[in-house]
Amino acid sequence: MASTGPVATYSICACDLDAGQWGVATQSKFLAVGSVVPWAAPHVGAIATQSYANPRYGPDGLALLRDGLSAQEVVDRLTAADEGRDQRQLGVVDGAGRAATFTGSGCHAWAGGRTGRCYAAQGNILVSGETVAALAGTFESTAGRPLVERLLDCLDAAEAAGGDSRGRQAAALLVVEQDGGYAGLSDSLVDLRVDDHPDPLAELRRLYGIHAQLHGATPRQDWIAVDGELRAEVDARLGRLGHATLAGWAGVANLEERVDGGDEIDPVVLEELRRVTP
């Protein structure tokens, strides 16, 4: 299958085995890059397909990983069966953290990749190889931090090192975790896309800030007891907003995942309630 144009981009596929998370982060001078490049499934692996991208590398590669093939075996199998392999670029991290990357001989310079434990970094039509080196170096130097934050930092470092030689347009961040998504009923822990923006990485950070507010989790020991003066304040604020219960307002404000009864309140919820009360 031939693609319609080059997904000139840089990306990193990575995993955090202890957290049970796999993900892909990417930036490109290509409209809606997140609709083509990133693919991931928990305990299966993560894949980035780019250059003159073959989008079937995503689902087909995940299927091969589910069958037990290693990252390198998946790369070998996909590219061997593809007559357009010389123009493809591909990164894979499997369920065990093994990684492989492929850059076809026909990819536009600068193009190349680098792998290490739990990551595969690659890019094409870049200013230089320093972009991929920054992806790899940042991932290696941020071990121990949450995967989402590491991937965002990788993108920022890559852009600072030169990035896509054609400029910027779109970015995406996909991180999966078994039952780690909305209401515990989805595997998409974070799935954010900036399709067309003059500063896509800054916009991706902004969107992640909103995501963390709505879907993040404050440790229960940091919640605040709602009694006495605070209960009176909360009830009064809810009344001014036209709601009888905290859960009712939280559902409208998209904060329902941060509410559990009315005897304690997540400080993030309290801050937002205070901010929006007239």
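Our subject is the structure that appears above.
Conventions we followed
Residue indices follow the written sequence of each chain, beginning from 1 at its first position. Note on the predicted model: pLDDT of at least 70 is required for a residue's local features to be given, and 80 or more for side-chain atom pairs to be given and counted; whole-chain, interface and lining totals, by contrast, use all residues. Each side-chain value is derived from all of the structure's non-hydrogen atoms; neither hydrogens nor water enter the calculation. Working definition: helices are DSSP H or I runs of at least four residues, strands are E runs of at least two. Numbering for both runs from the N terminus. Each residue's exposure class comes from its accessible area (1.4 Å probe, protein chains only) as a fraction of the maximum for that residue type: buried when under 20%, exposed when over 50%, partly exposed otherwise. With axes taken as lines fitted to C-alpha atoms, and helix axes fitted only over the stretch in contact, angles between N-to-C directions fall between 0 and 180 degrees. In these notes the angle categories are as follows: under 35 degrees is roughly parallel, over 145 is roughly antiparallel, 65 to 115 is roughly perpendicular, and the rest is oblique. We call a crossing left-handed when the near helix sits turned anticlockwise from the far one by less than a right angle, and right-handed when that turn is clockwise. Contact definition: two residues touch when any of their heavy atoms are within 4.5 Å. Residues are sorted three ways: Asp, Glu, Lys and Arg are charged, Ala, Val, Leu, Ile, Met, Phe, Trp, Tyr, Cys and Pro are nonpolar, and all the rest, Gly among them, are polar. The criterion for strand pairing is that DSSP finds at least two bridges linking the strands in question. Definition used in this section: a nonpolar core is a set of buried Ala, Val, Leu, Ile, Met, Phe, Trp, Tyr and Cys residues joined via side-chain atoms within 4.5 Å.

### With respect to unusual backbone geometry
Residue Ala109 is joined to Trp110 through a cis peptide bond whose omega torsion reads -10 degrees. Tracing the sequence through the fold places Trp110 in the loop between β6 (99-103) and β7 (112-116). In the Ramachandran plot, His43 falls in the positive-phi region, its phi being about 65 degrees despite a non-glycine side chain. Relative to the assigned elements, His43 resides in the loop between β3 (38-41) and β4 (45-51). Phi at Asp179 is positive, roughly 60 degrees, even though this residue is not glycine. When you line up the elements, Asp179 lands in the loop between β9 (170-177) and β10 (188-194). Asp179 sits in the partly exposed class, given a relative accessible area of 46%.

### Some details on the packing of helix α4 (residues 147-160) against helix α5 (residues 200-215)
At a minimum axis distance of 10 Å, the contact between α4 and α5 shows a crossing angle of 165 degrees. In terms of their interaxial angle, α4 and α5 are classed as roughly antiparallel. The way α4 lies across α5 gives a crossing that is left-handed. For the pair formed by α4 and α5, the contact residues are Val148, Leu152, Asp153, Leu155, Asp156 and Glu159 on the first element and Leu201, Leu204, Arg205 and Tyr208 on the second. Class assignment of the residues belonging to the contact of α4 with α5 gives a composition of six nonpolar, no polar and four charged.

### Overview of the sheet that holds β4
Pairing in this open sheet of four strands is antiparallel, and the strands run β3-β4-β5-β6 from one edge to the other. Two strands close off the open sheet at either side, each with one partner strand: β3 and β6. Taken over all neighbouring pairs, the strand axes of this sheet differ in orientation by 5 degrees on average, direction set aside. As paired strands, β3 and β4 are joined by four bridges and run antiparallel to one another. Paired with Pro38 across the bridge in β4 is Ala48.

### Let's talk about the nonpolar core
Judged by nonpolar contacts, the single largest core of 41 residues is most densely connected at Ile12, Phe139, Leu151, Leu173 and Leu204. Residue contributions to this core peak at seven residues, all from α4. Residues contacting Leu204, with those up to four places away along its chain left out, are Leu152, Leu155, Ala171, Ala172, Leu173, Leu192 and Val194. Among the nonpolar cores identified, the runner-up in size contains 15 residues, and Val44, Ile47, Leu90 and Val92 belong to it.

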